[in-house]
Amino acid sequence: SKLRVGLLFGGRSGEHEVSINSARAIATALQTGDNQSKYEVLPVYIPKNGVWQASEVGQQVLETGTPLVCDDSNPQQLWDFPPEVKTVDVWFPILHGPNGEDGTIQGLLTLMRVPFVGSGVLGSSVGMDKIAMKTAFAQVGLPQVNYKFIERSQVWSNACVFPKLCDDIEQSLGYPCFVKPANLGSSVGIAKVRSRSELESALDSAASYDRRIVIETGVTAREVECAVLGNDNPKASVIGEITYDSDFYDYETKYTDGRAQLHIPAQLPDNIITQIQEMAIEGFKAIDASGLARVDFFYVEATQEIFINEINTLPGFTAFSMYPQLWEASGIKFPELVDQLIQLAVEKA
Ligand code: ATP
Ligand code: MG
Ligand code: MG
Ligand code: MG
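Every chain begins its residue count from 1, and numbering advances along the sequence as written. As they are written, the chains are lettered A onward and the ligands numbered 1 onward, keeping that order. Note on the predicted model: pLDDT of at least 70 is required for a residue's local features to be given, and 80 or more for side-chain atom pairs to be given and counted; whole-chain, interface and lining totals, by contrast, use all residues. Hydrogens are left out, water is left out, and the side-chain values use all remaining heavy atoms of the structure.

**A look at the side chain of T318**
Helix and strand definitions follow DSSP, with helices as H or I runs of at least four residues and strands as E runs of at least two, each counted in order from the N terminus. Among the structural elements, T318 can be located in the loop between β12 (305-312) and α12 (322-329). A relative accessible area of 14% means that T318 is categorised as buried. For every residue, the accessible area (1.4 Å probe, protein chains only) is compared with the maximum for its type, and the residue is labelled buried under 20%, exposed over 50%, or partly exposed between those bounds.

As structure tokens, this is what we get:
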């Protein structure tokens, strides 16, 4: 009999729309070729109010690609899961950002005792929090740009502490530097700053997104990404590169058609490719990821330096996203990739 796949998408995050697009591509792949006879899809949509919707509503959002308009006023309904949820054999959560990529959903699915695609609670939460992630990378000696961690309370402190904090950042990191809320994705809340006044407003803005903030030295480098697939013996894909005309790879550049170009495979020396692939697997293991992750790097051509930037444990998964395209170029087609991920979930459970 067919395995019933609960495709969990939408979610309470700024990447809700991306998640719908990822889920559409995965649902199609589950109805393609050999997958048709192996799997049956139950779409489970999480609208922005967090109240799970299965079957008809899920199917409708998948078909139209449009988020459901909903009100946020009835939080007790959060625990009234649709009854179909009990029939799921394996979950495929394709939620990006907070409340989905960060271990929260993974905790719930672990308690349900149903296998699910991707990292567990630890890998997901360490991967999402840029402070925990950088600490884990540093622990295994992965090269990173210089960084500092601060807390919201330091930004919103009194008029004596804040200027000292800014002095300290200027001295230790210099300009340009990047200010990032610790727990987001898709570049939401990230600012590139070049002056004291930009630093002050970027810190204030980041503090409104998150209690924890990361500040990094800005590097001038090529941006390359590597896809990882597997559990205990993960494999790395070919490398992809992103180019764009904007100041950096910000939200608008990521999601406006034609603003960014993906180059797969990236034109790089063989020894650099090998190093990036090894670092991607080391980073994957350092946070205890499983199933899949996309690892982002900076490559400074002049000095041949490679810095690991970050890991995404549930990367964008539309037909045009980097993760599936990297595997396609490595010999694994989209439907086969989806099949392998589900098999990895079942194996791990
Ligand atoms: P994703 O959508 O990949 O999850 P994210 O929100 O986790 O993104 P990052 O990947 O950390 O954010 O940063 C977003 C972009 O900002 C990078 O792709 C790069 O263009 C730019 N950037 C971030 N940090 C630096 C840095 N230290 N030096 C130069 N550019 C940077
Ligand atoms: Mg990220
Ligand atoms: Mg992300
Ligand atoms: Mg990134």
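**Focus on the site of ligand 1**
Any residue with a non-hydrogen atom lying within 4 Å of a molecule or strand is treated as near it. For ligand 1, the set of nearby residues contains 23 residues, the closest of which are K130, K180, S187, E223 and N312. Between N or O atoms, a polar contact is any pair within 3.5 Å; within protein, one atom must be a potential hydrogen donor and the other a potential acceptor, and residues adjacent in sequence are included only when both atoms are from side chains. Within the side chain of E310, one N or O atom sits 2.7 Å away from an oxygen atom of ligand 1. The fraction of the free accessible surface of ligand 1 (620 Å²) that becomes covered by protein chains is 95%. Looking at the shell around ligand 1, the elements with two or more residues in it are β5 (177-181), β7 (212-217), β11 (291-300) and β12. What fixes the domain bounds is an automatic or database domain assignment. When residues of the shell around ligand 1 are assigned to domains, at least three fall in each of domain 2 (127-143 + 220-313) and domain 3 (147-217). For the area figures, the Shrake-Rupley method with a 1.4 Å probe applies, and any residue is considered shielded solely by the protein chains shown.

**Considering the sheet that holds strand β3 (residues 90-93)**
Strands are treated as partners if at least two bridges between them are detected by DSSP. The strand order across the open sheet formed by three strands is β2-β1-β3, and the pairing between neighbours is parallel. Sheet topology places β2 (39-46) and β3 at the edges, where each strand pairs with a single neighbour. Taking each pair of neighbouring strands and ignoring which way they run, the sheet shows an average axis angle of 25°. Residue contacts follow a heavy-atom distance rule, with two residues in contact if any of their heavy atoms lie within 4.5 Å. Lines are fitted to the C-alpha atoms to define the axes, a helix being fitted only along its stretch in contact, and any angle between axes, read from their N-to-C directions, falls within 0 to 180 degrees. Across the face of the sheet, helix α1 (residues 16-30) comes into contact with β1 (3-10), β2 and β3 while running at roughly 160° to β1. Sheet strands touched by helix α4 (residues 104-112): β1, β2 and β3. Its angle to β3, the strand with the most contacts, is close to 175°.

**Digging into the pattern of salt bridges**
One speaks of a salt bridge when a side-chain nitrogen belonging to Lys or Arg is within 4 Å of a carboxyl oxygen belonging to Asp or Glu. Tallied over the full model, the rule gives 18 salt bridges. Between K130 and E310 there is a salt bridge, with its nearest N and O atoms 3.0 Å apart. With K130 in helix α6 (residues 130-139) and E310 in strand β12, this pair connects stretches of sequence that are 180 residues apart. By relative accessible area, E310 is classed as buried at 11%. Two residues, E200 and R196, come together in a salt bridge whose shortest N-O distance is 3.4 Å. Taken together, the residues E200 and R196, both in helix α9 (residues 196-209) and four residues apart, mark about one turn of the helix. One connected set of salt bridges, linked through shared partners, spans D167, E170, R196 and E200.

**A look at unusual backbone geometry**
With the exception of glycine, the majority of residues adopt a negative phi angle, and the majority of peptide bonds are in the trans configuration. Residue P176 follows Y175 across a cis peptide bond; omega there is -5°. Position of P176 among the secondary structure elements: in the loop between α8 (161-173) and β5. That bond from I264 to P265 is cis: its omega, -5°, falls within 30 degrees of zero. Within the secondary structure, P265 sits in the loop between β10 (260-263) and α11 (270-286). Within the chain, N99 stands out as a residue other than glycine whose phi angle is a positive 60°. Take N99: it is sitting in the loop between β3 and α4.

**Thoughts on the coordination of the magnesium ion (ligand 2)**
At this site the magnesium ion (ligand 2) is bound by E310 (OE), E310 (OE) and N312 (OD1), with donor distances of 2.0 to 2.5 Å. Coordination here is defined by N, O and S atoms within 2.8 Å of the metal (3.2 Å for Na, K and Ca), and since water is not considered, a site can look incomplete. The distance between the magnesium ion (ligand 2) and the magnesium ion (ligand 3) comes to 3.2 Å, with N312 serving as a donor to both metals.

**Remarks on the coordination of the magnesium ion (ligand 4)**
The coordination sphere of the magnesium ion (ligand 4), as far as protein atoms go, consists of D296 (OD) and E310 (OE), spread over 2.0 to 2.3 Å. The metal-metal distance between the magnesium ion (ligand 4) and the magnesium ion (ligand 2) comes to 4.1 Å, with E310 coordinating both. Of the two residues, D296 is situated in strand β11 and E310 in strand β12; the sequence distance between them amounts to 14 residues.

**Focus on the environment of E278**
For E278, the location among the structural elements is in helix α11. Note: C-alpha distance between E278 and V90 (188 residues apart in sequence) is 30 Å.

**Examining the domain arrangement of the protein chain**
Domain boundaries in the protein chain define domain 1 (3-118), domain 2 (127-143 + 220-313) and domain 3 (147-217). Here the C-alpha centre of domain 2 lies 27 Å away from the C-alpha centre of domain 1. Contact with domain 1, which involves nine residues of that partner, is made by eight residues of domain 2. Throughout, buried area stands for the accessible area (probe radius 1.4 Å) lost by two parts on being put together, summed over both. In total, about 630 Å² of surface goes out of reach between domain 1 and domain 2, with carbon and sulfur atoms giving 61% of it. On the domain 1 side of the contact with domain 2, V18, E101 and G118 bury the most area, a combined 65% of that side's loss. Linking domain 1 with domain 2 are zero salt bridges.

**Examining the packing of aromatic side chains**
Stacked, tilted and edge-to-face pairs are distinguished by plane angle, under 30 degrees for stacked and over 60 for edge-to-face with tilted covering the rest, among Phe, Tyr and Trp rings (Trp via its six-membered ring) whose centres lie within 6.5 Å. For the coordinates displayed, the defined rule picks out eleven aromatic pairs. Measuring from centroid to centroid gives 5.8 Å for W79 and F81, while their planes differ by 90°, and the two rings are edge-to-face. Owing to a relative accessible area of 62%, W79 belongs among the exposed residues under this scheme. Of the residues examined, F81 reaches a relative accessible area of 26% and is grouped as partly exposed. Their ring planes at 90° and their centres at 6.2 Å tell us that F92 and F317 sit as a pair that is edge-to-face. In this pair, F92 is assigned in strand β3 and F317 in the loop between β12 and α12, connecting sequence segments 225 residues apart. For F92, a relative accessible area of 0% gives the class buried. Assessed through its relative accessible area of 0%, F317 is described here as buried. The ring centre of Y249 lies 5.1 Å from the NZ or CZ of K254, which sits over that ring. Lysine and arginine charges are scored as sitting over a ring when NZ or CZ, respectively, is within 6 Å of the ring centre and within 35 degrees of the ring normal.

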